[in-house]
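Descriptive structure summary
Spelled out, the chains give:
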Amino acid sequence: MTERRRVAVLISGRGSNMVSLIEAARAPDYPAEIVLVVSNRPDAAGLARAEGYGIATAVIDHKAYGRDREAFERALDARLAAAGADLVALAGFMRLLTPWFVERWFGRLVNIHPALLPAFKGLDTHERALAEGVKLHGATVHFVSSEMDAGPIIAQGAVPVLDADTPDSLGARVLELEHRLYPHALDLVASGRARLAGRTVSVADGPAAPGSLIAPAF
Ligand SMILES: Nc1nc2c(c(=O)[nH]1)N[C@@H](CN(C=O)c1ccc(C(=O)N[C@@H](CCC(=O)O)C(=O)O)cc1)CN2
Ligand SMILES: NCC(=O)N[C@@H]1O[C@H](COP(=O)([O-])[O-])[C@@H](O)[C@H]1O
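Residues numbered from 1 in each chain as written. Chains lettered and ligands numbered in written order. Predicted model: local features only at pLDDT ≥ 70, side-chain atom pairs only at ≥ 80, totals over all residues. Heavy atoms only, no water.

One can read the domain layout of the protein as domain 1 (1-105) and domain 2 (113-139 + 146-218). With centres defined by C-alpha atoms, the gap from domain 1 to domain 2 works out at 21 Å. Counting from both sides, the interface comprises 20 residues of domain 1 and, opposite them, 13 residues of domain 2. Of the roughly 1400 Å² buried between domain 1 and domain 2, counting both surfaces, carbon and sulfur atoms make up 68%. Taken as a group, N17, Y30 and P31 account for 30% of the area that domain 1 buries against domain 2, more than any other trio of residues on that side. Across the contact surface, domain 1 and domain 2 share zero salt bridges. For the pair domain 1 and domain 2, the number of links is five residue pairs in polar contact (both at pLDDT 80 or more). Mapped by element, the contributors of at least two residues to the side of domain 1 that touches domain 2 are β1 (5-11), α1 (16-25), β4 (87-90) and α4 (99-105). Take the side of domain 1 that touches domain 2: its biggest share by element is five residues, from α1. A per-class count over the side of domain 1 that touches domain 2 returns 14 nonpolar, three polar and three charged. (Domains from an automatic or database assignment. Contact = heavy atoms within 4.5 Å. Buried area = accessible area lost by both parts, 1.4 Å probe. Salt bridge = Lys/Arg side-chain N within 4 Å of Asp/Glu carboxyl O. Polar contact = N/O pair within 3.5 Å; in protein donor to acceptor, adjacent residues only side chain to side chain. Helix = DSSP H or I, 4+ residues; strand = E, 2+ residues; numbered from the N terminus. Nonpolar A, V, L, I, M, F, W, Y, C, P; charged D, E, K, R; others polar.)

What follows is about the UniProt feature "domain: Formyl transferase N-terminal" (unreviewed entry) in the protein. Mapped onto this numbering, the UniProt entry gives "domain: Formyl transferase N-terminal" (unreviewed entry) at residues 6-186. When the span residues 6-186 is considered, its composition is 36% helix and 23% strand, and the gap between its end C-alpha atoms is 11 Å. (UniProt positions renumbered as here; feature names shortened; annotations may be inferred.)

Within strand β6 (residues 136-143), seven of the eight residues are buried, leaving the element largely enclosed by the surrounding structure. Pairing analysis gives seven bridges linking β6 to strand β7 (residues 153-160), with the strands arranged antiparallel. In the strand pairing of β7, T140 is matched with Q156. (Buried < 20%, exposed > 50% of the residue type's maximum accessible area, 1.4 Å probe, protein only. Pairing = 2+ DSSP bridges.)

A separate point is the nonpolar core. Within the largest apolar cluster, 45 residues are counted, with the highest numbers of intra-cluster contacts made by V9, I34 and I154. When residues of this core are assigned to domains, at least three map to each of domain 1 (1-105) and domain 2 (113-139 + 146-218). In contact with V9, other than residues within four places in its own chain, are M18, L21, I34, L36, V37, V38, A89 and A91. (Core = buried A, V, L, I, M, F, W, Y, C linked by side-chain atoms within 4.5 Å.)

Residues in contact with ligand 1 amount to 18 residues; listed here are only the nearest, R41, R69, R95, L96 and D149. Here M94 contributes a backbone N or O atom positioned 3.2 Å from a nitrogen atom of ligand 1. R95 is positioned with one of its backbone polar atoms (N or O) 2.8 Å from a nitrogen atom of ligand 1. Protein chains bury 81% of the 700 Å² of accessible surface belonging to ligand 1 in isolation. Of the residues that constitute the shell around ligand 1, the class distribution is eight nonpolar, five polar and five charged. The residue makeup of the shell around ligand 1 includes at least three contributed by each of domain 1 (1-105) and domain 2 (113-139 + 146-218). (Near = heavy atom within 4 Å. Areas by Shrake-Rupley, 256 points an atom, 1.4 Å probe, with all protein chains shown as cover.)

The structure is reproduced here in structure tokens:
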């Protein structure tokens, strides 16, 4: 097997998607290894979870840089370089990245968003999905572009929205899906099967969203 890609995961909180990536990368044939977890928040619960797996962690507190976003990102970039990371996965990382960082890592920087982009960009996606009365909702893994939640889509998964759903019950169903979607999408990128083609992504040998990620047909 070719060299496994060295992945750094960036978090701001709980880190459940980070754990799904760490667990997936424990498989000997998985094309990536998680070499570092970085948080912009010292109190992120995900840090202790990563340490529990023996993964190196770092805190780069954005508050220490005031309004100087680029200074924060230069410190982040230096820590990624020190770990020899060549792929970065955002997992509940709640900082808008500037064009400087995005251009430096473009095509090697991915994010998971709890909605079927381009629908419901931004925050509170489950509340908004229920308010709109959509019947299918889900999650998207995309390459990160300077424009928020607008980068080329790598893989998506869908779940049904039930009449009795609340934002919490729908959010829980989407999160369970995320934990299967993100390891799949990172596999596509790290193995080279997902290829950027301008504003879109082509996926070699097989669908980007295997049946298991699509809500059961009625
Ligand atoms: N240039 C980009 N940066 C980021 C993207 C992206 O697509 N392009 N994705 C996000 C993740 N994200 C939604 O998926 C997101 C992150 C942060 C925010 C936000 O409003 N952040 C505020 C601060 C909030 C806080 O610290 O709690 C901010 O940065 O001022 C919205 C959506 C990751 N970055
Ligand atoms: N806009 C980005 C965003 O909303 N990301 C979402 O934050 C949660 C992080 O959970 P986690 O810390 O348990 O992985 C996930 O649901 C992820 O999709």
